[in-house]
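Here is how the chains run, residue by residue.
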Amino acid sequence: MAAAYGGPPQQVSQENVRAIVLLDGQVTAISGLAHMGWNQGALLQPARAESGAPNSWKLRRIRPLGAAPQAYLVQASDRGEDVLWIATYKALLRIEGARVRRVHELEGWPLIDSLVVTPDGAIHLGMRGGVGRLTPTWRGYQEAWLVPPACAEVMPETCECRRRAPAEHEPWPMTKP
């Protein structure tokens, strides 16, 4: 990542930055990589470099994520702080201020590329081959996968749908096996 504030471009990080968001008025980078056994992620924020040179910046790690990020959402909360939702390769995280909550385990889920939280608190995770829905309950979240009617199951190893002959008037939502 490079920055140029009235000067030449400069490298501010070696991190694999996946997204840059505004979180509680602070520029925050979401970084991470999952490749060949490597699976790490972190939140980063810009800071002045120790060199003392004017306009010299770096990205400093402010919080590890435990795994590489896949999808994210910034949401305003009732308390005035932004909420950052991050679906990593291992878990769904809810970050509000200094609080990090591991909301649901996601290890073994197909690749997640989008994330939506509805007003009733349900969380929808867009995946290859379907949508994962987490519905809040008093014990946590109930997990369901929404897949096309002809899909007998989603194969976690390949993220592919195993097809079956569609039955007449079959309901669309299918609970994850």
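Whatever comes next refers back to the structure up there.
Residues numbered from 1 in each chain as written. Predicted model: local features only at pLDDT ≥ 70, side-chain atom pairs only at ≥ 80, totals over all residues. Heavy atoms only, no water.

**Quick look at the pattern of salt bridges**
Filter applied, for reference: Take a side-chain nitrogen of Lys or Arg and a carboxyl oxygen of Asp or Glu: if they are within 4 Å of each other, that pair is a salt bridge. Only protein chains enter the accessibility calculation, which uses a 1.4 Å probe. A residue is then buried if its area is under 20% of the maximum for its type, exposed if over 50%, and partly exposed in between.
What the rule picks out here adds up to 5 salt bridges. We note a salt bridge from Glu96 to Arg94, for which the minimum N-O separation is 2.8 Å. In this structure, the salt-bridge partner of Glu105 is Arg102, at a minimum N-O distance of 2.8 Å. For Arg102, a relative accessible area of 45% corresponds to the partly exposed category. Here the salt bridges share partners, and the residues they tie into one network are Glu81, Arg94, Glu96 and Arg99.

**Remarks on the side chain of Glu96**
Test applied: Only DSSP runs of H or I reaching four residues or more are called helices, and only runs of E reaching two or more are called strands; each is numbered from the N terminus. Counted as a polar contact is a pair of N or O atoms within 3.5 Å, where, for protein atoms, one must be capable of donating a hydrogen and the other of accepting one, and residues adjacent in sequence contribute only when both atoms are in side chains.
Looking at the secondary structure, you find Glu96 in strand β9 (residues 91-96). Here Glu96 falls in the buried class, since its relative accessible area comes to 1%. Separated by 2.8 Å, the side chains of Glu96 and Arg94 make a polar contact.

**A look at the pairing of strand β10 (residues 99-105)**
Rule in force here: Here a strand pair is declared whenever DSSP counts at least two bridges between the two strands.
Judged from the 6 bridges that link them, β9 and β10 form a sheet pairing that is antiparallel. Bridge pairing links Glu96 to Arg99 in β10. Here β9 folds back onto β10 in antiparallel fashion, the turn holding 2 residues, of which Gly97 has a positive phi close to 60°.

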